[in-house]
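Listed here are the chains, written in short residue letters.
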Amino acid sequence: MTHLELATDDGHTLRQSTVETSPLAIRGLTVSYGEKPAVFSVDATFRDGSMTAIIGPNGAGKSTLLKAALGVIRPLSGTVTVYGKPLAGQRQRIAYVPQRASVDWDFPTRVVDVVLMGLYRQLGLLGRAGATHRAKALACLERVGMADFANRQIGQLSGGQQQRVFLARALAQDADLYLLDEPFAGVDAATEKAIIDVLKTLKAEGKTVVAVHHDLATVAEYFDRVFLINVRKVAEGPVGEAFNAENLQKAYGGRLAMAQIENLQLTAG
Ligand code: ADP
Ligand code: MG
(Lines give C-alpha, C1' and ligand atoms only; values in the text may rest on other atoms or scores of the structure.)
(Ligands and ions follow the chains in the order given, each with its own letter.)
Protein backbone atom coordinates (compact mmCIF):
# COMPACT_ATOMS: atom_id res chain seq x y z
CA MET A 1 0.00 0.00 0.00
CA THR A 2 1.47 3.32 -1.00
CA HIS A 3 -0.62 6.16 0.23
CA LEU A 4 1.70 9.13 0.15
CA GLU A 5 0.49 12.41 1.51
CA LEU A 6 2.43 15.57 2.11
CA ALA A 7 1.91 16.85 5.62
CA THR A 8 0.54 20.26 4.83
CA ASP A 9 -0.88 20.60 8.34
CA ASP A 10 2.51 20.37 9.95
CA GLY A 11 3.39 24.06 9.73
CA HIS A 12 7.12 24.40 10.02
CA THR A 13 8.56 21.06 9.06
CA LEU A 14 7.28 19.58 5.86
CA ARG A 15 7.68 16.05 7.13
CA GLN A 16 5.98 13.37 5.19
CA SER A 17 3.49 11.26 6.99
CA THR A 18 2.71 8.08 5.21
CA VAL A 19 1.11 4.77 5.87
CA GLU A 20 4.61 3.31 5.81
CA THR A 21 6.03 5.58 8.51
CA SER A 22 2.99 6.02 10.72
CA PRO A 23 2.68 3.99 13.93
CA LEU A 24 -1.04 3.89 13.24
CA ALA A 25 -2.64 4.67 9.89
CA ILE A 26 -6.36 4.20 9.39
CA ARG A 27 -7.98 4.39 5.97
CA GLY A 28 -11.66 4.44 5.10
CA LEU A 29 -12.74 3.06 8.44
CA THR A 30 -16.45 2.51 8.92
CA VAL A 31 -17.78 0.72 11.99
CA SER A 32 -21.40 0.03 12.73
CA TYR A 33 -23.13 -1.70 15.65
CA GLY A 34 -26.54 -1.37 14.04
CA GLU A 35 -27.89 0.52 11.08
CA LYS A 36 -26.26 3.84 11.86
CA PRO A 37 -22.47 3.86 11.66
CA ALA A 38 -20.60 4.81 14.85
CA VAL A 39 -17.51 5.72 12.81
CA PHE A 40 -17.88 6.66 9.16
CA SER A 41 -15.23 6.68 6.46
CA VAL A 42 -12.44 7.87 8.74
CA ASP A 43 -8.84 8.40 7.68
CA ALA A 44 -6.24 9.05 10.38
CA THR A 45 -2.47 9.16 10.29
CA PHE A 46 -0.89 9.32 13.71
CA ARG A 47 2.67 10.57 13.78
CA ASP A 48 5.67 8.72 15.11
CA GLY A 49 6.77 10.14 18.46
CA SER A 50 3.73 12.35 18.88
CA MET A 51 1.07 12.65 21.57
CA THR A 52 -2.37 12.98 20.02
CA ALA A 53 -5.64 13.75 21.80
CA ILE A 54 -8.77 12.24 20.25
CA ILE A 55 -11.53 14.74 20.89
CA GLY A 56 -15.26 14.74 20.27
CA PRO A 57 -18.61 14.68 22.06
CA ASN A 58 -20.14 11.67 23.81
CA GLY A 59 -21.07 8.99 21.33
CA ALA A 60 -18.77 10.46 18.64
CA GLY A 61 -17.12 7.09 18.08
CA LYS A 62 -13.85 7.78 19.93
CA SER A 63 -13.76 4.49 21.83
CA THR A 64 -14.96 2.65 18.74
CA LEU A 65 -12.09 4.13 16.73
CA LEU A 66 -9.55 2.86 19.29
CA LYS A 67 -11.15 -0.58 19.45
CA ALA A 68 -11.14 -0.88 15.67
CA ALA A 69 -7.49 0.21 15.66
CA LEU A 70 -6.78 -2.62 18.10
CA GLY A 71 -8.75 -5.11 16.08
CA VAL A 72 -11.17 -5.95 18.90
CA ILE A 73 -14.06 -4.64 16.79
CA ARG A 74 -14.41 -5.72 13.21
CA PRO A 75 -15.08 -2.78 10.89
CA LEU A 76 -17.55 -2.79 8.01
CA SER A 77 -14.76 -1.48 5.84
CA GLY A 78 -11.34 0.10 6.05
CA THR A 79 -7.75 -0.80 6.79
CA VAL A 80 -5.50 -0.38 9.79
CA THR A 81 -1.73 -0.44 9.41
CA VAL A 82 0.70 -0.35 12.30
CA TYR A 83 4.22 0.82 11.47
CA GLY A 84 3.47 0.17 7.83
CA LYS A 85 2.29 -3.41 8.27
CA PRO A 86 -1.15 -4.97 8.63
CA LEU A 87 -2.47 -4.90 12.18
CA ALA A 88 -2.66 -8.68 12.51
CA GLY A 89 1.08 -9.22 12.87
CA GLN A 90 1.72 -6.06 14.87
CA ARG A 91 -0.55 -6.34 17.88
CA GLN A 92 2.35 -6.88 20.27
CA ARG A 93 3.58 -3.38 19.47
CA ILE A 94 0.36 -1.80 20.80
CA ALA A 95 -0.54 -1.31 24.45
CA TYR A 96 -4.08 -0.37 25.38
CA VAL A 97 -5.53 1.19 28.50
CA PRO A 98 -9.33 0.81 28.27
CA GLN A 99 -11.88 3.22 29.60
CA ARG A 100 -11.87 2.50 33.33
CA ALA A 101 -15.62 2.16 33.64
CA SER A 102 -15.51 -0.75 31.19
CA VAL A 103 -13.41 -2.91 33.50
CA ASP A 104 -15.23 -4.85 36.15
CA TRP A 105 -13.28 -6.83 38.74
CA ASP A 106 -15.65 -9.50 39.95
CA PHE A 107 -13.00 -11.90 41.13
CA PRO A 108 -10.13 -11.07 43.44
CA THR A 109 -6.92 -10.22 41.58
CA ARG A 110 -3.77 -8.82 43.07
CA VAL A 111 -2.33 -5.63 41.60
CA VAL A 112 0.94 -7.33 40.62
CA ASP A 113 -1.00 -10.01 38.72
CA VAL A 114 -2.87 -7.36 36.74
CA VAL A 115 0.49 -5.97 35.64
CA LEU A 116 1.79 -9.46 34.85
CA MET A 117 -1.11 -9.80 32.40
CA GLY A 118 0.74 -7.22 30.32
CA LEU A 119 3.57 -9.75 30.02
CA TYR A 120 1.51 -12.65 28.79
CA ARG A 121 2.91 -12.44 25.29
CA GLN A 122 6.39 -12.82 26.68
CA LEU A 123 5.26 -15.52 29.08
CA GLY A 124 3.35 -17.53 26.52
CA LEU A 125 -0.02 -19.02 27.21
CA LEU A 126 1.24 -21.70 29.57
CA GLY A 127 4.22 -19.78 30.83
CA ARG A 128 4.59 -19.01 34.49
CA ALA A 129 5.82 -15.73 35.82
CA GLY A 130 9.32 -16.05 37.18
CA ALA A 131 11.36 -13.72 39.36
CA THR A 132 12.42 -11.63 36.35
CA HIS A 133 8.81 -11.06 35.33
CA ARG A 134 7.80 -10.13 38.83
CA ALA A 135 10.70 -7.70 39.09
CA LYS A 136 9.63 -6.15 35.82
CA ALA A 137 6.02 -5.85 36.97
CA LEU A 138 7.19 -4.16 40.17
CA ALA A 139 9.40 -1.75 38.21
CA CYS A 140 6.37 -0.77 36.10
CA LEU A 141 4.30 -0.23 39.25
CA GLU A 142 7.13 1.90 40.57
CA ARG A 143 6.94 4.10 37.46
CA VAL A 144 3.32 4.94 38.23
CA GLY A 145 3.89 5.28 41.97
CA MET A 146 2.00 2.09 42.88
CA ALA A 147 4.78 -0.27 43.97
CA ASP A 148 3.54 -0.23 47.57
CA PHE A 149 0.19 -1.63 46.44
CA ALA A 150 1.55 -4.67 44.58
CA ASN A 151 -0.13 -7.22 46.85
CA ARG A 152 -3.44 -5.43 47.29
CA GLN A 153 -6.61 -6.55 45.58
CA ILE A 154 -7.28 -4.40 42.52
CA GLY A 155 -10.97 -4.07 43.44
CA GLN A 156 -10.04 -2.38 46.72
CA LEU A 157 -8.18 0.49 45.08
CA SER A 158 -9.58 3.90 44.23
CA GLY A 159 -10.43 4.67 40.60
CA GLY A 160 -7.27 6.72 40.16
CA GLN A 161 -5.11 3.98 41.65
CA GLN A 162 -6.70 1.38 39.38
CA GLN A 163 -6.02 3.59 36.39
CA ARG A 164 -2.34 3.79 37.33
CA VAL A 165 -2.20 0.00 37.60
CA PHE A 166 -3.68 -0.33 34.09
CA LEU A 167 -1.02 2.05 32.84
CA ALA A 168 1.64 -0.09 34.57
CA ARG A 169 0.23 -3.13 32.78
CA ALA A 170 0.56 -1.26 29.47
CA LEU A 171 4.15 -0.30 30.33
CA ALA A 172 5.02 -3.94 31.04
CA GLN A 173 4.24 -4.75 27.41
CA ASP A 174 7.18 -2.68 26.14
CA ALA A 175 4.97 -1.48 23.31
CA ASP A 176 5.79 1.25 20.82
CA LEU A 177 2.27 2.61 20.44
CA TYR A 178 0.07 3.42 23.46
CA LEU A 179 -3.67 3.78 23.04
CA LEU A 180 -5.51 5.13 26.08
CA ASP A 181 -9.23 5.69 26.43
CA GLU A 182 -9.94 8.68 28.69
CA PRO A 183 -7.04 7.97 31.05
CA PHE A 184 -7.80 11.03 33.16
CA ALA A 185 -11.56 10.57 33.53
CA GLY A 186 -12.57 10.59 37.17
CA VAL A 187 -9.06 10.34 38.58
CA ASP A 188 -7.57 12.42 41.40
CA ALA A 189 -5.06 15.21 40.74
CA ALA A 190 -2.08 13.11 41.90
CA THR A 191 -3.00 10.34 39.46
CA GLU A 192 -3.45 12.80 36.62
CA LYS A 193 0.03 14.16 37.28
CA ALA A 194 1.53 10.66 37.56
CA ILE A 195 -0.08 9.56 34.29
CA ILE A 196 0.87 12.63 32.27
CA ASP A 197 4.47 12.37 33.53
CA VAL A 198 4.66 8.76 32.35
CA LEU A 199 3.13 9.64 28.97
CA LYS A 200 5.58 12.50 28.47
CA THR A 201 8.45 10.16 29.31
CA LEU A 202 7.16 7.66 26.74
CA LYS A 203 7.06 10.42 24.14
CA ALA A 204 10.60 11.48 25.07
CA GLU A 205 11.63 7.85 24.48
CA GLY A 206 10.22 8.11 20.96
CA LYS A 207 7.02 6.16 21.63
CA THR A 208 3.70 7.26 20.20
CA VAL A 209 0.74 8.10 22.42
CA VAL A 210 -2.89 8.37 21.29
CA ALA A 211 -5.42 9.17 24.02
CA VAL A 212 -9.12 9.87 23.98
CA HIS A 213 -9.29 13.04 26.02
CA HIS A 214 -12.40 14.66 27.46
CA ASP A 215 -10.98 17.76 29.14
CA LEU A 216 -10.61 20.50 26.53
CA ALA A 217 -8.90 22.77 29.06
CA THR A 218 -5.77 20.58 29.23
CA VAL A 219 -5.43 19.62 25.56
CA ALA A 220 -2.84 22.29 24.75
CA GLU A 221 -0.81 21.55 27.88
CA TYR A 222 -0.72 17.77 27.48
CA PHE A 223 -0.75 17.06 23.75
CA ASP A 224 1.02 18.18 20.61
CA ARG A 225 -1.60 16.99 18.14
CA VAL A 226 -5.37 16.58 18.03
CA PHE A 227 -7.77 14.41 16.10
CA LEU A 228 -11.35 15.72 16.17
CA ILE A 229 -14.16 13.34 15.41
CA ASN A 230 -17.91 13.22 15.38
CA VAL A 231 -18.63 9.93 13.60
CA ARG A 232 -16.77 11.46 10.66
CA LYS A 233 -13.34 12.98 11.01
CA VAL A 234 -13.56 16.72 11.65
CA ALA A 235 -9.86 17.60 11.62
CA GLU A 236 -6.39 16.42 12.54
CA GLY A 237 -3.20 18.35 13.01
CA PRO A 238 -0.94 20.17 15.46
CA VAL A 239 -2.73 21.61 18.50
CA GLY A 240 -1.74 25.14 17.42
CA GLU A 241 -3.62 24.73 14.16
CA ALA A 242 -6.35 22.12 14.34
CA PHE A 243 -7.50 22.81 17.91
CA ASN A 244 -9.45 25.91 17.00
CA ALA A 245 -12.93 27.30 17.61
CA GLU A 246 -14.22 26.41 14.17
CA ASN A 247 -13.23 22.75 14.43
CA LEU A 248 -14.56 22.48 17.98
CA GLN A 249 -17.86 23.96 16.86
CA LYS A 250 -17.96 21.45 14.00
CA ALA A 251 -17.28 18.53 16.31
CA TYR A 252 -19.48 19.51 19.24
CA GLY A 253 -22.13 21.60 17.52
CA GLY A 254 -24.49 23.15 20.03
CA ARG A 255 -23.18 20.97 22.83
CA LEU A 256 -20.26 23.29 23.46
CA ALA A 257 -21.19 26.87 24.19
CA MET A 258 -19.19 29.59 22.48
CA ALA A 259 -18.32 30.93 25.93
CA GLN A 260 -16.58 27.66 26.77
CA ILE A 261 -14.61 27.78 23.55
CA GLU A 262 -13.56 31.36 24.26
CA ASN A 263 -12.37 30.30 27.71
CA LEU A 264 -9.91 27.91 26.11
CA GLN A 265 -7.98 30.90 24.73
CA LEU A 266 -7.15 29.09 21.56
CA THR A 267 -4.14 30.22 19.62
CA ALA A 268 -5.31 29.95 16.04
CA GLY A 269 -8.85 30.26 14.75
P1 ADP B 1 -17.44 7.75 22.42
O2 ADP B 1 -16.32 6.92 22.95
O3 ADP B 1 -17.00 8.84 21.51
O4 ADP B 1 -18.33 8.29 23.51
P5 ADP B 1 -18.42 5.23 21.37
O6 ADP B 1 -17.39 4.80 20.40
O7 ADP B 1 -18.38 4.57 22.72
O8 ADP B 1 -18.38 6.82 21.52
O9 ADP B 1 -19.86 4.99 20.78
C10 ADP B 1 -20.22 5.47 19.51
C11 ADP B 1 -21.67 5.09 19.23
O12 ADP B 1 -21.78 3.68 19.12
C13 ADP B 1 -22.64 5.51 20.32
O14 ADP B 1 -23.84 5.90 19.73
C15 ADP B 1 -22.81 4.28 21.14
O16 ADP B 1 -24.06 4.24 21.76
C17 ADP B 1 -22.68 3.19 20.10
N18 ADP B 1 -22.08 1.95 20.67
C19 ADP B 1 -20.88 1.85 21.27
N20 ADP B 1 -20.63 0.57 21.64
C21 ADP B 1 -21.71 -0.14 21.26
C22 ADP B 1 -22.06 -1.52 21.36
N23 ADP B 1 -21.23 -2.42 21.92
N24 ADP B 1 -23.26 -1.90 20.86
C25 ADP B 1 -24.09 -1.01 20.27
N26 ADP B 1 -23.82 0.30 20.16
C27 ADP B 1 -22.65 0.74 20.64
MG1 MG C 1 -15.70 6.48 24.84
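Anyway, here's the lowdown on the structure attached to this text. (Residues numbered from 1 in each chain as written. Chains lettered and ligands numbered in written order. Predicted model: local features only at pLDDT ≥ 70, side-chain atom pairs only at ≥ 80, totals over all residues. Heavy atoms only, no water.)

**A closer look at the sheet that holds strand S7 (residues 177–181)**
Moving on, step 1. Overall, mixed pairing links the 6 strands, which are arranged S6-S7-S8-S3-S9-S10 in an open sheet. Strand pairing shows two members of the sheet lacking a second neighbour, strand S6 (94–97) and strand S10 (232–238), which therefore form its edges. Neighbour to neighbour, the strand axes of the sheet diverge by 15° on average, direction disregarded.
Moving on, step 2. For strand S3 (residues 51–55) and strand S8 (residues 208–212), the ladder comprises 4 bridges, and the chain directions are parallel. In the strand pairing of S8, Ala53 is matched with Ala211.
Moving on, step 3. Against the sheet, helix H1 (residues 62–70) touches S3, S6, S7, S8 and strand S9 (225–230), its axis set at about 150° to S7.
Moving on, step 4. Each of S3, S7 and S8 is contacted by helix H6 (residues 189–204), which is oriented at about 130° to S3, the strand it contacts most. (Pairing = 2+ DSSP bridges. Helix = DSSP H or I, 4+ residues; strand = E, 2+ residues; numbered from the N terminus. Axes fitted to C-alpha atoms, helices over the stretch in contact; angles between N-to-C directions. Contact = heavy atoms within 4.5 Å.)

**Some details on the packing of aromatic side chains**
Moving on, step 1. By the definition in use, this model includes 3 aromatic pairs.
Moving on, step 2. Ring centres 5.3 Å apart and planes at 50° place the aromatic pair Phe184 and Tyr222 in the tilted group. Pair noted here: Phe184 is in the loop between S7 and H6 and Tyr222 is in helix H7 (residues 219–222), with a separation of 38 residues, a long-range link.
Moving on, step 3. Above the plane of the ring of Tyr83 lies Arg93, whose end atom (NZ or CZ) is 3.8 Å from the centre. (Phe/Tyr/Trp six-rings, centres within 6.5 Å; stacked < 30°, edge-to-face > 60°. Lys NZ or Arg CZ within 6 Å of the ring centre and 35° of its normal.)

**Some words on helix H9 (residues 245–252)**
Moving on, step 1. Listing the buried residues of H9 in full gives Asn247, Leu248, Ala251 and Tyr252. In a view along the axis of H9, the buried residues occupy a sector of 115°, so they form one face of it. Residues Glu246 and Lys250 are exposed on H9 and point more than 90 degrees away from its buried face.
Moving on, step 2. Following H9 by one or two positions, Gly253 has its phi on the positive side, about 55°. (Buried < 20%, exposed > 50% of the residue type's maximum accessible area, 1.4 Å probe, protein only. Arc of directions from axis to C-beta.)

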